[in-house]
Amino acid sequence: RSRKSSMTIKTAIYYARLSTSNRQVYGLGAQKSEIEQFCSINGLQILEGYEERESGGKMEREQLKAAMDEAKRTNSYLVVSKVCRLTRSLKDFQTILSSGVELLVVQYGFNCPRFILNTMVNFMELERKMASERTVAGLKELKRRNPDLKLGNPKLEEARIKASEALVNKAN
């Protein structure tokens, strides 16, 4: 006589994010493919995927919130390819972990201790801070060498003036 397997298929909700400033280095397609392959190998059924082009520097992201809510609602893993696709902020990472969502990071696999994830986010946060400091220092040096150099979008002030004039004309 045959017995049915009592094994339950675990489900997954994936989240992929593309930084607004870095569009091609690690694209949404690459993240999705990596996640799909990992889920297939590990017997996870993907129920839904959420993708967005947003800065990871802010926690308020529509698709991240939707993915977290769906993962909790369906008792699924929230799967990301790499921790940095969620955040590079330890505070924000702790918010995600404490939300009740079961996080699975493809880069580190199943059963990765939170200690390891926290440590990696600490390093990411430090690297983000150091990169910012290097950028500021580089811009200061550039400005020191070229005092007449105007940084930023040269057409921005022109656009502001035109917008102001349009508002004044519309009011008249």
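Residues numbered from 1 in each chain as written. Predicted model: local features only at pLDDT ≥ 70, side-chain atom pairs only at ≥ 80, totals over all residues. Heavy atoms only, no water.

What should I look at first to understand the overall build of the protein chain in this one?
Looking only at helices and strands, one finds 5 helices and 4 strands in the protein chain. The order of helices and strands in the protein chain, counted from the N terminus, is β-α-β-α-β-α-β-α-α. A compact globule built from 172 residues should have a C-alpha radius of gyration of about 16 Å, whereas the protein chain, at 22 Å, is more than 25% larger. Structurally, the protein chain occupies a C-alpha span of about 85 × 45 × 30 Å along its principal axes. For the protein chain, buried positions account for 30% of its 172 residues. Across the protein chain, the fraction of contacts at a sequence separation of at least 24, relative to all contacts at a separation of at least 6, is 72%. Total accessible area on the protein chain stands at roughly 11,800 Å², and carbon and sulfur atoms take up 52% of it. Distance between charge centres in the protein chain, computed from 30 positive and 20 negative side chains, equals 3 Å. (Helix = DSSP H or I, 4+ residues; strand = E, 2+ residues; numbered from the N terminus. Rg over C-alpha atoms; globule rule 2.2 N^0.38 Å. Buried < 20%, exposed > 50% of the residue type's maximum accessible area, 1.4 Å probe, protein only. Contact = heavy atoms within 4.5 Å. Areas by Shrake-Rupley, 256 points an atom, 1.4 Å probe, with all protein chains shown as cover. Lys, Arg positive; Asp, Glu negative; His and termini not counted. Charge placed at Lys NZ, Arg CZ, Asp CG, Glu CD.)

Would you mind going over helix 4 (residues 114-145) with me for this structure?
Given 3.6 residues to a turn, an α-helix orients residues that are three or four positions apart in the same direction. In this model helix 4 runs 46 Å from its N-terminal to its C-terminal C-alpha over 32 residues, within 8% of the 46 Å that 1.5 Å per residue would give. All of the buried residues along helix 4 are L117, N118, V121 and M124. (Expected span 1.5 Å × (residues − 1).)

Explain the packing of aromatic side chains here, please?
A ring pair, where both rings are aromatic, is described by two values, the distance of the centres and the angle of the planes. Evaluated as defined, the whole model comprises 2 aromatic pairs. Between the aromatic rings of F38 and F110, the centroid separation amounts to 5.6 Å while the plane-to-plane angle is 25°, which identifies the pairing as stacked. Within this pair, whereas F38 is found in helix 1 (residues 28-41), its partner F110 is found in the loop between strand 4 (102-105) and helix 4, the two being separated by 72 residues in sequence. The exposure class of F38 is buried, given its relative accessible area of 13%. Arranged with centres 5.6 Å apart and planes meeting at 75°, the rings of Y77 and F110 form a pair that is edge-to-face. Of this pair, Y77 sits in strand 3 (residues 77-80) while F110 sits in the loop between strand 4 and helix 4, and the two are 33 residues apart along the sequence. For Y77, a relative accessible area of 13% corresponds to the buried category. One aromatic cluster in this structure is built from F38, Y77 and F110. The side chain of K10 reaches across the aromatic face of Y77, ending 5.0 Å from its centre. (Phe/Tyr/Trp six-rings, centres within 6.5 Å; stacked < 30°, edge-to-face > 60°. Lys NZ or Arg CZ within 6 Å of the ring centre and 35° of its normal.)

Just checking my understanding: could you explain the nonpolar core for this structure?
Note on soluble globular proteins: their nonpolar side chains tend to be buried together. Membership of the largest hydrophobic core comes to 21 residues, with the highest contact counts inside it found for Y15, L78, V83, L86, F93 and L103. At the level of secondary structure, the elements contributing two or more residues to this core comprise strand 1 (10-18), helix 2 (62-73), strand 3, helix 3 (90-97), strand 4 and helix 4. Each residue touching L103, except ones within four places of it in the same chain, is listed here: L78, V80, L86, F93 and L97. Core analysis: the second largest hydrophobic core is formed by 13 residues, A16, L28, L44 and V106 among them. (Core = buried A, V, L, I, M, F, W, Y, C linked by side-chain atoms within 4.5 Å.)

Help me understand the environment of N75 in this model?
By the secondary structure assignment, N75 is in the loop between helix 2 and strand 3. Among the residues examined, N75 registers a relative accessible area of 55% and is labelled exposed. Residues N75 and V106, 31 residues apart in the sequence, show an inter-C-alpha distance of 18 Å. Apart from residues no more than four positions distant in its own chain, N75 is found in contact with K10 and T11.

For this particular structure, what's the right way to read the sheet that holds strand 1?
Neighbouring strands of a sheet are bound in pairs by backbone hydrogen bonds; such pairs are parallel or else antiparallel. Reading across from one edge, 2-1-3-4 is the order of the 4 strands in this open sheet, with parallel pairing throughout. Both outer strands of the open sheet, strand 2 (44-53) and strand 4, are each paired with one neighbouring strand and no more. Shown here is a sheet whose adjacent strand axes are inclined to one another by a mean of 25°, direction ignored. Pairing geometry for strand 1 and strand 3, over 3 bridges, is parallel. Bridged to Y14 within strand 3 is V79. Against the sheet, helix 1 contacts strand 1, strand 2, strand 3 and strand 4, and its axis sits at roughly 165° relative to strand 2. (Pairing = 2+ DSSP bridges. Axes fitted to C-alpha atoms, helices over the stretch in contact; angles between N-to-C directions.)

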